Amino acid sequence: TMTMSSMSMLNPKPPPLRRLPTSASGGLDMQLLIHQRPQRLDNVVVVMGATGTGKSRLSIDLATRFPAEIVNSDKMQVYRGLDIVTNKITDDERRGVPHHLLGVIDPNADFTATSFCSKASAVTKSIVGRGKLPIIVGGSNSFVETLIEGGEGRSRYNCCFLWVDVSLPVLHSFVSERVDRMVEKGMVDEIREIFNPDSCDYSRGIKRSIGVAEFDRYFRAKPFCDRKADARLLEEAINQTKANTCKLACRQLDKIIRLRNVKGWKIHRLDATAAFRKRGEEADKEWENLVVGPSKKIVSRFLYNHATV
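Here the structure is a predicted model, which is why all the values come from computation and not from measurement.

Quick look at the packing of aromatic side chains now. All told, the structure shown has nine aromatic pairs when counted by the stated rule. Plain terms: the ring middles of F195 and F219 are 5.4 Å apart, the flat faces sit at 40° to each other, and that makes the pair tilted. Here F219 lies in helix α10 (residues 216-221) and F195 lies in the loop between α9 (187-194) and α10, a separation of 24 residues in the sequence. A residue is classified by how much of its surface remains accessible, and F219, at 7% relative accessible area, is buried. Look at F215 and F219: their rings are 6.0 Å apart centre to centre, the planes differ by 35°, and that puts the pair in the tilted class. R269 extends its terminal NZ or CZ atom over the ring of W163, reaching a point 5.9 Å from the ring centre.

In regular strands, side chains alternate between the two faces of the sheet. For strand β4 (residues 133-137), the buried fraction is high: five of the five residues fall into the buried class. Of the two faces of β4, the one holding L133, I135 and V137 and the one holding P134 and I136 are both buried throughout. Across three bridges, strand β1 (residues 42-48) lies against β4 in parallel orientation. In the strand pairing of β4, V45 is matched with I135. One ladder, built from five bridges, connects strand β2 (residues 68-72) with β4; its direction is parallel. Residue pairing for β4: V71 is matched across the bridge by I136.

As a packed pair, helix α3 (residues 55-63) and helix α13 (residues 280-305) sit with axes 10 Å apart at the nearest point and diverge in direction by 55°. Between α3 and α13, the interaxial angle falls into the category oblique. Like other packed secondary-structure pairs, α3 and α13 cross with a definite hand, here right-handed. Packed against α3, whose contacting residues are R57, L58, D61 and L62, the element α13 presents D284, W287, V291, V292, S295, K296 and V299 at the interface.

Looking now at the environment of G52. Within the element layout of this structure, G52 appears in the loop between β1 and α3. A relative accessible area of 10% places G52 in the buried class. Spatially, the C-alpha atoms of G52 and F174 are 7.4 Å apart, while their sequence positions differ by 122 residues. Once residues lying within four places of it in the same chain are set aside, the contact partners of G52 are L171, F174, R178 and F276.

Averaged over every residue, the pLDDT of the protein is 88; the share at 70 or more is 85%. In this model, residues 13-20 is a region of pLDDT below 50 whose contacts with residues beyond four sequence positions or in other chains number ten contacts. A low-confidence stretch, residues 28-38 stays under pLDDT 50, and its non-local contacts, those more than four residues away or across chains, total 18 contacts.

Let us look at unusual backbone geometry. As a rule of thumb, non-glycine residues mostly have phi less than zero, and peptide bonds are mostly trans rather than cis. The phi dihedral of N87 falls on the positive side, at around 60°, and the residue is not glycine. Within the secondary structure layout, N87 lies in the loop between β2 and α4 (91-94). Residue class for N87 comes out partly exposed when judged on its relative accessible area of 31%. One non-glycine residue, L101, lies in the positive phi region at around 55°. You can call L101 buried: its relative accessible area is 9%.

Reading guide: rules and limits
- Residues numbered from 1 in each chain as written.
- Predicted model: local features only at pLDDT ≥ 70, side-chain atom pairs only at ≥ 80, totals over all residues.
- Heavy atoms only, no water.
- Phe/Tyr/Trp six-rings, centres within 6.5 Å; stacked < 30°, edge-to-face > 60°.
- Helix = DSSP H or I, 4+ residues; strand = E, 2+ residues; numbered from the N terminus.
- Buried < 20%, exposed > 50% of the residue type's maximum accessible area, 1.4 Å probe, protein only.
- Lys NZ or Arg CZ within 6 Å of the ring centre and 35° of its normal.
- Pairing = 2+ DSSP bridges.
- Axes fitted to C-alpha atoms, helices over the stretch in contact; angles between N-to-C directions.
- Parallel < 35°, antiparallel > 145°, perpendicular 65-115°, else oblique.
- Left-handed = near helix turned anticlockwise from the far one by under 90°.
- Contact = heavy atoms within 4.5 Å.
- pLDDT = per-residue confidence, 0-100.

In structure tokens, the structure reads:
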């Protein structure tokens, strides 16, 4: 249980000024005083990683151990609808942790990185104002980069970056299995509901989600197919969805490495590969040991020891 004193340490107040500036008349120079006031930085934890690596899971693990709220930074999950296709975290999986910018944007809107930056800044400010820690999580690294480096990001946020990494061969296998589970949950029916035979535009809004355009050919041909052809086209659409999801994971990984190696972001890498190689309780134990445990220590040092992490 967090005490009020420990909660206040999430965003500590700056130290008092040692010397108050005076004007020529001998009084306080308020203008100079304002400019000399130390900038208070809002503490923010950012959970990064390629699709399928367990970012949402880690954000919940942390938010149930620290007084925190979660800000979604996945550019497809911000939209309403296609919960299976976009792999939104369910109400049960949230475990009572407040989530922001998740399934709230009109599915046909053009929600850009600039749009995200504006809304995420307001949400983050509100979370901090309630004495909570904002945890920003999602695979859209362009959104995160714009928020942190664009505008007043660098002057406002004191960031702790966590990167959940899984070796690509293991991740690609997991992503393939995940698409199969999504199909079992009703992904095809979800896509069918938004399919428009009079439009081939998949460049805006939620229709940019992987899986939507991949099923276009299947739905167009379905009325004219026998059972065998239908099954073949369905399999092709599913395989294309898997392939494009794996390509997305590679692009996301490249972006994270660029942010770390070129931009100089101090990103803590957490290798979850061994946890993904196991199943059931063994996988859960590995996840706790390899990901949750080290993340808790990193975030604790970041929040309470005021050390550079």
